[in-house]
Amino acid sequence: MTSNPVTVFSELATLDWRAEDFSYAQLKANLPRPAMNSQTAAETVQQIIDDVRAHGMGTLKDLARRFDQVELDHTRVAQAELDKALAELDPAVRLALEESISRARLFAAAQVPADAVVDYSNGGSVTQRWVPVRRVGLYVPGGLAVYPSSVIMNTVPAQAAGVKSLALASPPQKEFGGLPHPTILAAAKLLGIEEVHAMGGAQAVAAFAYGVDVPGDPRGGIEPVDVISGPGNVFVATAKRLVKGVVGIDAEAGPTEIAILADSTAKADFVAADMISQAEHDANAAAVLVTDSPALAQAVREQLDVQVAATKHSERVREALSGSQSAIILVKDLDQGVDVCNAYAAEHLEIMTGNAAQDAARITAAGAIFVGDYAPVSLGDYCAGSNHVLPTSGTALHASGLNVNTFLKAVQVISYDKSALGDVAAHVINLATAEDLPAHGDAVAVRKAHKALN
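Residues numbered from 1 in each chain as written. Predicted model: local features only at pLDDT ≥ 70, side-chain atom pairs only at ≥ 80, totals over all residues. Heavy atoms only, no water.

Bringing the overall build of the protein into the picture now. Check the secondary structure of the protein and you find 17 helices and 14 strands. Dimensions along the principal axes, computed over C-alpha positions, put the protein at roughly 90 × 60 × 45 Å. Across the 454 residues that make up the protein, the buried fraction comes to 48%. Separation of charge centres in the protein, based on 34 positive and 52 negative side chains, amounts to 7 Å. (Helix = DSSP H or I, 4+ residues; strand = E, 2+ residues; numbered from the N terminus. Buried < 20%, exposed > 50% of the residue type's maximum accessible area, 1.4 Å probe, protein only. Lys, Arg positive; Asp, Glu negative; His and termini not counted. Charge placed at Lys NZ, Arg CZ, Asp CG, Glu CD.)

Spatially, 6 strands are ordered S1-S11-S10-S9-S12-S13 in an open sheet, and the strand pairing comes out parallel. Unpaired on one side and paired on the other, strand S1 (13-16) and strand S13 (368-371) mark the two borders of the sheet. Each strand of the sheet is rotated relative to its neighbour by a mean of 20 degrees, with strand direction disregarded. As defined by bridge partners, strand S10 (residues 286-291) adjoins strand S11 (residues 327-330) across 4 bridges and the pair is classed as parallel. Bridge pairing links Val290 to Ile329 in S11. (Pairing = 2+ DSSP bridges. Axes fitted to C-alpha atoms, helices over the stretch in contact; angles between N-to-C directions.)

The positions UniProt marks with the feature "binding site: Zn(2+)" (unreviewed entry) are Gln278, His281, Asp381 and His440. With a sequence span of 163 residues, these residues are also far apart in the fold, their greatest C-alpha distance being 56.4 Å. Structurally, Asp381 is set in helix H15 (residues 377-382). Leaving out residues up to four positions away in the same chain, Asp381 has contacts with Ser149, Met153, Gln278, His348 and His388. On the basis of relative accessibility, which here comes to 52%, the residue His440 falls in the exposed class. (UniProt positions renumbered as here; feature names shortened; annotations may be inferred. Contact = heavy atoms within 4.5 Å.)

Of all the positions in helix H4 (residues 79-87), only Leu82, Ala85 and Leu86 are classed as buried. Along the axis of H4, the buried residues cluster in a sector spanning 95 degrees; they form a single face. The outward face of H4, more than 90 degrees from its buried face, is lined by the exposed residues Ala80 and Ala87. Next to the buried residues of H4 lie helix H5 (91-111), helix H7 (182-190) and strand S6 (195-198). (Arc of directions from axis to C-beta.)

What follows concerns the packing of aromatic side chains. Counting across every chain of the model gives 3 aromatic pairs. Taken together, a centroid distance of 5.1 Å and an interplanar angle of 85 degrees make the contact between Trp17 and Phe22 edge-to-face. What makes Trp17 buried here is its relative accessible area of 6%. Judged by centre distance (5.7 Å) and plane angle (75 degrees), the ring pair of Phe270 and Tyr374 falls under edge-to-face. Here Phe270 is found in helix H10 (residues 268-279), whereas its partner Tyr374 is found in the loop between S13 and H15, with 104 residues between them in sequence. The partly exposed category is assigned to Phe270, whose relative accessible area is 23%. For Tyr374, a relative accessible area of 66% corresponds to the exposed category. In this arrangement the basic side chain of Arg53 is found over the ring face of Tyr210, its NZ or CZ atom lying 4.0 Å from the centre. (Phe/Tyr/Trp six-rings, centres within 6.5 Å; stacked < 30°, edge-to-face > 60°. Lys NZ or Arg CZ within 6 Å of the ring centre and 35° of its normal.)

Looking at the protein, the domain boundaries give domain 1 (11-29 + 252-399), domain 2 (38-249) and domain 3 (416-453). In this complex, domain 1 contributes 14 residues to the contact, which on the side of domain 2 involves 18 residues. A per-residue breakdown of the area domain 1 buries against domain 2 is headed by Glu252, Cys383 and Gly385, which together make up 37% of the total. Where domain 1 packs against domain 2, one counts 0 salt bridges. (Domains from an automatic or database assignment. Buried area = accessible area lost by both parts, 1.4 Å probe. Salt bridge = Lys/Arg side-chain N within 4 Å of Asp/Glu carboxyl O.)

We now examine the sheet that holds strand S3 (residues 124-132). What the 3 strands build is an open sheet, ordered S2-S3-S14; its pairing is antiparallel. Each edge of the sheet is formed by a strand with only one pairing partner; in this case those strands are strand S2 (116-120) and strand S14 (408-416). Across this sheet, the average inter-strand angle for adjacent strands is 15 degrees, counted without regard to direction. Sheet topology note: the S3/S14 ladder contains 9 bridges and is antiparallel. Paired with Trp130 across the bridge in S14 is Ala410.

Taken as a whole and assessed by the stated rule, the structure comprises 14 salt bridges. For the salt bridge of Asp62 with Arg65, the shortest nitrogen-to-oxygen distance reads 3.0 Å. Taken together, the residues span about one helical turn, with Asp62 and Arg65 both in helix H3 (residues 57-68) at a distance of 3 residues. Look at the salt bridges and you will find they share partners, linking Asp62, Arg65 and Glu71 into a network.

Topologically, Pro224 is positioned in the loop between helix H8 (201-210) and strand S7 (227-229). Pro224 sits in the partly exposed class, given a relative accessible area of 32%. Each C-alpha atom of the pair Pro224 and Val247 lies 8.9 Å from the other, and the pair is 23 residues apart in sequence. Ignoring any residue separated from it by four or fewer positions in sequence, one finds Pro224 in contact with Arg134, Arg135, Phe208, Ala209, Tyr210 and Gly211.

This paragraph deals with the UniProt feature "binding site: NAD(+)" (unreviewed entry) in the protein. Under the UniProt annotation, "binding site: NAD(+)" (unreviewed entry) lies at Tyr139, Gln203 and Asn233. A stretch of 95 residues holds the annotated residues, and the largest C-alpha distance among them is 12.6 Å, short enough that they meet in one place. The residue Gln203 is located in helix H8 in this model. According to the relative accessible area criterion, Gln203 is buried, its value standing at 5%. Beyond its immediate stretch of four places on either side in the chain, Gln203 contacts Ile48, Val52, Leu60, Leu63 and Phe67. Looking at the secondary structure, you find Asn233 in the loop between S7 and helix H9 (234-243).

This is how it looks when you write it as structure tokens:
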């Protein structure tokens, strides 16, 4: 499979497609994907949703005891705890968060769409007006890592959209007295979020979707939201799918993934480091290298041997790289490589080729595209200014990353006076007749009967 007969880092599969002439459908069918199915969680998650709807805060307390091993008397985090978390935050981390927030706000502000107005003759106009949703629930996972960056990525576009009510949920942590991780609380405080709840998993999604009433409690319950955003595990993703329609959701995020399109000019140590950076998220993370250079593929394997052994979460990384979702794909040329990448529709796609900008311009499906040797995915995770909440599992074929529009509604406003209606009255009546909906036409005819429309 490579120019060197020595097998290095054999855990990572090689798919040699240099002699293949796959159709688009065949490409999609043969791509490396994780062996996961969120349907297996649906029954458990539906029961949790039903219990939260039926028993509210009682269920949230029970599940915090069961899943998080903490005792809660309420989910709401006191303002004093937010203040304390920010006051005790490492100054270097605070500076990094502030820089990330500043860059994210600049990009989000540039995304805010303008209203569209079309004026027709004689007093008719149609306007598309962008209106923010009333309230948003932001979910920030716990688990194997701490994600203050996800607080930023979820909050900033919602604020730029003009959302007035924001509530954040993150799992309670036993080691922090049942509160979310203090760095999460500090990031929330930096962003001006006043409503933070210690709750995680499917139960947090259910609480946001349906609300939780706590009569007589001065801290209040949890008011239902209109949109839920933020990544999570398979139970969170399944819960978001099950409440979709009751609320809007950003996406059903799956395990993280990186694809790298590289040729012989790429630096093997950069490629290996970037594959590892995503593989350290969890054992289901995907890392895929697409290259027309067997020599690069071999060099990347050699680098993986060295770098995986040295990284902190080496066992987790090795498991992710050995899974069915990760591979090196050998292609005959970069044209075939681009086709593979467009079919894969990666959450994160890096381009490390001799003509990276030109090759990036040929990509039509990716959550985010990182161009050149010095734009690693981790830059986008923290300080590029872009958003790191991105479509996974091939959904970038039709979905977008989190952005200001996630939290906006396009409302159409139609304003026609009598004269403007008169210009099209006959057309409306004729189309209504053609569709056998005569009352539609009558609604215009009754107005046409007035002299002003004759």
